[in-house]
Amino acid sequence: MTEKIGIIAGEGKMPLYIAQKAAQKGYEVVIAGLKGNAREEDFKTIPCTFRLLRLGQLGTGLEFFKSNGVKKILMAGRVQHTSIFANLMPDLRGAKFLASLKNMGTQYLLSRVIDEFKKEGIEITNSALFLEDFMPAKGVLSKRTPTPQEMQTVQFGFKIAKAVAELDIGLTCVVSQNATIAVEGMEGTDKCILRAGELYKKSADKDMPVAVVKVARPQQDERFDLPVIGKGTIKSLHKAGFKLLAFEAKKTLVLDLEDVIKLADKYGICLAAV
């Protein structure tokens, strides 16, 4: 019997790459796409069973996976926080679940979702199950290497990003001169970088190095919300006028890795796994 894998799909390329890799390895792929984040047409080249669900349709989602014989699921892709308000339409089980929550923090919320699936005999597994090659080890990936002053900035930013991640606020910060320009909130990484760029343009001293730093949570649960960067991240750095992106080695997914490195080199951006 063919092994089945379920995917709860948000936005971005990560769910698509996982579905492709799983299909190549002979898995039967079953996808629940979250409305406002995933699109069925993105998966049209992959043999799969697809259904679009609104956020909060917990009972419907569980029944969808159970009826298709799925025992193992992974969550992949970003869910825009704004879509939580625009597309939230809970079914009965979803409404009861939401009413039981103490807060809407990402880590707490998703851990509770995992518990609900476990009750139904469905395991939520590592979201990078098929993407191990997309998580670079420590080192500089770009042609341009960081200066000693830039590395000091990265070290400061790493501490700030870890503190922000531990508070379940975001995974990214932008720093310069041992000062924090911006931290990631609901807007996501790219908009955080662009917001920092606007603030930086108003700075009196634009010669000091700026570092964009992205990390995993101190106690990262690999079943959900892994840090991810891609070509869009590099484009946002370039638009903001920044030349250094550091991310946590072996814990950050870099989608389209070769293309990301080429783009970083094109814009003269230092790309470092730290």
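Our structure is the block above this text.
Residues numbered from 1 in each chain as written. Predicted model: local features only at pLDDT ≥ 70, side-chain atom pairs only at ≥ 80, totals over all residues. Heavy atoms only, no water.

Moving on: the overall build of the protein chain. Along the protein chain, the regular secondary structure elements total 9 helices and 13 strands. With the principal axes as the frame, the protein chain shows a C-alpha extent of 60 × 40 × 30 Å. Among the 274 residues that make up the protein chain, the fraction classed as buried is 48%. Residue pairs at least 24 apart in sequence account for 74% of intrachain contacts in the protein chain once pairs closer than 6 positions are excluded. Counting every atom, the protein chain has about 13,400 Å² of accessible surface; 53% of that belongs to carbon and sulfur. The centroid of the 40 positive side-chain charges in the protein chain is displaced by 2 Å from the centroid of its 31 negative side-chain charges. (Helix = DSSP H or I, 4+ residues; strand = E, 2+ residues; numbered from the N terminus. Buried < 20%, exposed > 50% of the residue type's maximum accessible area, 1.4 Å probe, protein only. Contact = heavy atoms within 4.5 Å. Areas by Shrake-Rupley, 256 points an atom, 1.4 Å probe, with all protein chains shown as cover. Lys, Arg positive; Asp, Glu negative; His and termini not counted. Charge placed at Lys NZ, Arg CZ, Asp CG, Glu CD.)

Right, let's talk about the nonpolar core for a bit. With 26 residues, the main nonpolar core has Ile234, Phe242 and Leu271 as its most contacted residues. Residue assignment for this core shows that the elements contributing at least two residues are α7 (189-201), β9 (210-214), α8 (231-240), β11 (244-247), α9 (257-267) and β13 (270-273). For this core, the leading source of residues is α9, giving 5 residues. The residues touching Leu271, leaving out its near neighbours within four places in the chain, are Gly139, Val140, Leu141, Ser142, Ile229, Ile234, Leu245, Phe247, Val260, Ile261 and Ala264. Counting residues in hydrophobic clusters, the runner-up holds 25 residues, among them Met14, Ala19, Phe43 and Ala76. (Core = buried A, V, L, I, M, F, W, Y, C linked by side-chain atoms within 4.5 Å.)

This part is about the sheet that holds β11. Across a sheet, strands are paired by hydrogen bonds formed along the backbone, either parallel or antiparallel in direction. The 6 strands lie next to each other as β6-β13-β11-β9-β7-β8, forming an open sheet whose pairing is mixed. Unpaired on one side and paired on the other, β6 (139-140) and β8 (179-183) mark the two borders of the sheet. Bridging between β6 and β13 involves 2 bridges; their strand directions are antiparallel. From the neighbouring strand, Val140 faces β13, where its bridge partner is Ala272. Contacting β7 (172-176), β8 and β9, α7 crosses the sheet at an angle of about 135° to β8. On top of the sheet, α8 reaches β9, β11 and β13; it is set at about 145° to β11, its chief contact. (Pairing = 2+ DSSP bridges. Axes fitted to C-alpha atoms, helices over the stretch in contact; angles between N-to-C directions.)

Okay, the packing of α8 against α9 next. Following both chains from N to C, one finds α8 and α9 inclined at 10°, their axes separated by 9 Å at the closest point. The angle between α8 and α9 falls in the class roughly parallel. Judged by residue contacts, Lys231, Ile234, Lys235 and His238 of α8 engage Asp259, Val260, Leu263, Ala264 and Tyr267 from α9. (Parallel < 35°, antiparallel > 145°, perpendicular 65-115°, else oblique.)

Attention shifts here to the environment of Leu253. Position of Leu253 among the secondary structure elements: in strand β12 (residues 253-254). Residue class for Leu253 comes out buried when judged on its relative accessible area of 0%. In the structure, Leu253 is positioned 145 residues away from Tyr108 in sequence and 22 Å away in space, judged by C-alpha atoms. Excluding anything up to four places from it in sequence, Leu253 contacts Met14, Ala128, Leu131, Phe134, Met135, Leu226, Pro227, Val228 and Ile229.

Functional significance is not addressed by these values, which are geometric in nature.
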